[in-house]
Amino acid sequence: DFSYPGHDNFSFFLEGQDSSWTPLRNQHVVSYTNLAPGHYRLWGRYQLDGNRLEEPQLLADILIQPPYYRTIWAYFTYVVLTALLLGLMTRHYFQQRYHDQRIQQEINASEKRLRLALLGSGGRMWDWQLKQNRLYITSQQDGDEYSEEIDRQQFYKQVHPDDLPRITDALQRYIIGETPFYEAEYRLKNSDGNWSWGLDRGKAVEWDKQGNPVRMAGTLTDISLRKRQEDQLRLSYQVLESMNEAV
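Residues numbered from 1 in each chain as written. Predicted model: local features only at pLDDT ≥ 70, side-chain atom pairs only at ≥ 80, totals over all residues. Heavy atoms only, no water.

Student: For this particular structure, what's the right way to read the overall build of the chain?
Tutor: Tallying secondary structure elements over the chain gives 4 helices and 10 strands in all. In the chain, the order of α-helices and β-strands from amino to carboxyl end is β-β-β-β-α-β-β-β-α-α-β-β-β-α. Within the chain, the proportion of its 247 residues that are buried is 21%. Nonlocal contacts in the chain, meaning residues at least 24 apart in sequence, comprise 40% of its contacts between residues at least 6 apart. By element, 53% of the accessible surface of the chain is carried by carbon and sulfur atoms, the whole surface being about 18,700 Å². (Helix = DSSP H or I, 4+ residues; strand = E, 2+ residues; numbered from the N terminus. Buried < 20%, exposed > 50% of the residue type's maximum accessible area, 1.4 Å probe, protein only. Contact = heavy atoms within 4.5 Å. Areas by Shrake-Rupley, 256 points an atom, 1.4 Å probe, with all protein chains shown as cover.)

See the structure below:
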């Protein structure tokens, strides 16, 4: 029996993990936990009190394999999938951007055609800022586009007094939701002092946090010819009625 209890000194060192030798006091088992994947070698050495240290002995050659999701091939797959995903996202972004630009171009072209058609027919486009009560009107004069900014009350001064209640009622019914859009027919005084009929139509395009409209936009179309035709038809009907009564 070559055992010397109390005088044996054992120590161990795990190459790749430890930075110094660890005494193996009253233990019989060497254990490590949470070791990272890699190559390790466990060394041991012995010393009897009063004697020199023995040469270290290799006790175990340990290779800890990483889990499949942390292997080189797994990381390579991650890189490929990430690159593929980024490529698809980039492609989708540019496709969506091109689609949006194309739609915007079509909208701009449609707005331009509508604008030209409306202004070319003598109509006017308006933009009403309700809080400031400012009215921006665009029309065509001598082939050129003309814009003016006036106060809404100033615009009302051009409206026939008998027609003002009709405008107020139509606006109120639209704002409280009784009608899908604002529409009113009324007479406007021209620069030559004569009255012309207009069809005014519009909708809200901006609202505040309480849901109240703060901006409206629409068109004002000259319907004087239609009104004259209606008057002529009405007059013709009255003449026919009078003739029938005479007979």
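Student: Would you explain the pairing of strand E8 (residues 182–189) in this entry?
Tutor: For a regular strand, side-chain orientation follows a simple rule: the groups alternate between the two sheet faces. Where burial is concerned, the two faces of E8 differ: the one with Tyr182, Ala184, Tyr186 and Leu188 is buried and the one with Glu183, Glu185, Arg187 and Lys189 is not. Inspection of the sheet shows E8 paired to strand E9 (residues 195–207) by 8 bridges, in the antiparallel sense. Residue pairing in the sheet places Tyr182 in a bridge with Gly202 of E9. Remark: 5 residues form the turn of the hairpin made by E8 and E9, two consecutive strands paired antiparallel; Gly193 in that turn has positive phi of roughly 90°. (Pairing = 2+ DSSP bridges.)

Student: How do you make sense of the nonpolar core when you look at a structure like this?
Tutor: In globular proteins that are soluble, nonpolar side chains generally tend to be buried together. Core analysis: the biggest nonpolar cluster contains 20 residues, and Trp126, Phe155, Ile167, Tyr182, Tyr186 and Met216 have the highest contact counts within it. Elements that contribute at least two residues to this core include exactly strand E5 (124–129), strand E6 (134–141), helix H2 (152–156), helix H3 (164–175), E8 and strand E10 (213–222). Setting aside chain neighbours within four positions, we find Tyr186 in contact with Phe155, Val159, Asp163, Arg166, Ile167, Ser196, Trp197, Gly198, Asp200 and Leu220. Among the nonpolar cores identified, the runner-up in size contains 5 residues, and Phe12, Leu24, Tyr40 and Leu42 belong to it. (Core = buried A, V, L, I, M, F, W, Y, C linked by side-chain atoms within 4.5 Å.)

Student: Before we go on, may I ask you to explain the packing of aromatic side chains in this structure?
Tutor: Both the distance between ring centres and the angle between the ring planes are used here to describe each pair of aromatic rings. Considering all chains together, one arrives at 9 aromatic pairs under this definition. A centroid spacing of 4.9 Å and a plane angle of 40° characterise the contact between Phe10 and Tyr46, whose relative ring orientation is tilted. One end of the pair, Phe10, is in strand E1 (residues 8–15); the other, Tyr46, is in strand E3 (residues 38–48), and 36 residues separate them in sequence. Geometrically, the ring pair formed by Tyr93 and Phe94 is edge-to-face, given 5.2 Å between the ring centres and 75° between the ring planes. Across the ring face of Trp21, the terminal group of Arg45 is positioned such that the distance to the ring centre comes to 4.3 Å. (Phe/Tyr/Trp six-rings, centres within 6.5 Å; stacked < 30°, edge-to-face > 60°. Lys NZ or Arg CZ within 6 Å of the ring centre and 35° of its normal.)

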